[in-house]
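Coordinate inspection notes
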Amino acid sequence: MSSSISSVANGREADSKIAPGPILLLGAPGVGKGTQAKELVKLWGIPQISTGDLLRANVAQSTSLGQVAKEIMGRGELVPDSLVNEMVAVRLQQPDTINGYILDGFPRTLGQAGWLDGRLAAQAGTLPVVAVSIQVNYNQLLRRITGRRNCPVCQTIYNVYVNPPKQDGVCDVEGTALTQRADDTEEVFKERMRAYGALTAPVVEHYRGLGRFAEVDGDRPIGMIAAGIVAAVERLRK
Ligand code: AMP
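In this convention, every chain numbers its residues from 1, walking through the sequence in written order. Thresholds applied to this predicted model are a pLDDT of at least 70 for local features of residues and 80 or more for the giving and counting of side-chain atom pairs; totals over whole chains, interfaces and linings are not thresholded and use all residues. The basis for every side-chain value is the complete set of heavy atoms in the structure, and neither hydrogens nor water enter the calculation.

**Concerning the packing of aromatic side chains**
For clarity, the cut-off: Here a Phe, Tyr or Trp ring, Trp counted by its six-membered ring, pairs with any other such ring whose centre lies within 6.5 Å, and the pair is stacked when the planes are under 30 degrees apart, edge-to-face when over 60, and tilted otherwise. Here's how the labels work: a residue is buried when its accessible area is under 20% of the maximum for its type, exposed when over 50%, partly exposed in between, all with a 1.4 Å probe on protein chains only. A run of H or I in DSSP becomes a helix once it reaches four residues, and a run of E becomes a strand once it reaches two; helices and strands are each numbered from the N terminus.
In this structure the tally under the stated criterion is 2 aromatic pairs. The interplanar angle of 85° and the centroid separation of 6.0 Å between the aromatic rings of Phe106 and Trp115 together place this pair among those described as edge-to-face. Using a relative accessible area of 25% as the deciding quantity, one classes Trp115 as partly exposed. Ring centres of Tyr138 and Phe189 lie 5.4 Å apart, and the angle between their planes is 55°; this geometry places the pair in the tilted category. A residue pair is termed long-range when its members are at least 10 positions apart, and Tyr138 in helix α7 (residues 138-147) and Phe189 in helix α8 (residues 186-210) qualify at 51 residues.

Written as structure tokens, this is what we have:
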């Protein structure tokens, strides 16, 4: 799965020593932000910060944030900005973010984008964000969402239609039973797409307007999409 990005990365390493800085992966639910973030983590050694993963961890631990977020997430709606921004603020204080990070699933509203922009502007010496939006059509997204399965141990993401495990329902790496996210149903997907159109699509336009923005076609093999993101980030960082 990662061989193509590795070969792209190896071919590029000699002429490309960019500091990745803060990178935003934007796009509708199911476009592959999480999968691509993991490819970029391997390549650049900077952390993936997925607000969905952080929220799910809070739900699993039944923190006060998790208790509020659980039902909202189950309906496919967005968790309030103030709670998500605070969670991201705490994560960004970790020392592993010093050379950059990949924000996956954040910002999802103009309020979150304004908060992030303000925070970065106030930090001297921080590179400006580069935003990459991944595009996939609606029917593909529905197949990806309803076919998505996750390994609860190593977090590898499979898809029963396009990227199935070798043995049905079992992780290739861990041998553990794969799980399906509670919100990966067709009904909840429709609400997530509605929230995306109403609240997150304007965020894409916001970053497009700022200029440090690129779009990549997400309906291609994983390695090719990753190579497209790498090329876009390098271009935008020059
Ligand atoms: P994801 O794993 O990115 O698809 O997110 C799963 C769910 O977590 C979303 O449907 C929202 O309910 C919630 N969520 C994740 N990120 C955010 C965010 N930046 N703002 C508000 N809610 C979020």
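**Observations regarding the layout of surface pockets**
Operational definition: Method remark: on a 1 Å grid restricted to protein atoms, a set of points is classed as a cavity if a 1.4 Å probe fits but cannot get out and as a pocket if it is open with protein on both sides within 12 Å along at least five of seven lines; lining residues have an atom within 4 Å of a point. Grid points are joined across faces, edges and corners, and a volume is the space filled by probe spheres set on the points. Each residue receives one of three labels: charged for Asp, Glu, Lys and Arg, nonpolar for Ala, Val, Leu, Ile, Met, Phe, Trp, Tyr, Cys and Pro, and polar for the others, Gly being one of them.
Considered as a void within the structure, the second largest pocket measures approximately 300 Å³ in volume. Around the second largest pocket, the lining comprises 18 residues; the ones closest to its centre are Thr97, Ile98, Tyr101, Gln123 and Thr126. Mapped onto the lining of the second largest pocket, the elements with two or more residues apiece are β1 (21-26), β3 (100-104) and α6 (110-121). By residue class, the composition of the lining of the second largest pocket is 8 nonpolar, 9 polar and 1 charged.

**Digging into the sheet that holds β3**
What links the strands of a sheet is backbone hydrogen bonding, and the strands pair in either a parallel or an antiparallel sense. Inclusion rule: The rule for pairing is simple: two strands pair if DSSP sees at least two bridges between them. Think of each axis as a best-fit line through the C-alpha atoms, taken over the contacting stretch in the case of a helix, with angles from 0 to 180 degrees between the N-to-C directions. Residues count as neighbours in contact if any of their non-hydrogen atoms are within 4.5 Å of one another.
The strand order β2-β3-β1-β4-β7 describes an open sheet built from 5 strands, whose pairing is parallel. Looking at the sheet topology across the chains shown, the edges are occupied by β2 (48-50) and β7 (213-217). Along the sheet, successive strands turn relative to each other by an average axial angle of 25°, direction set aside. Alignment of β2 against β3, held across 3 bridges, turns out to be parallel. Residue pairing in the sheet places Ser50 in a bridge with Asp104 of β3. Contacting β1, β4 (130-135) and β7, helix α9 (residues 222-237) runs over the sheet at an angle of about 165° to β7.

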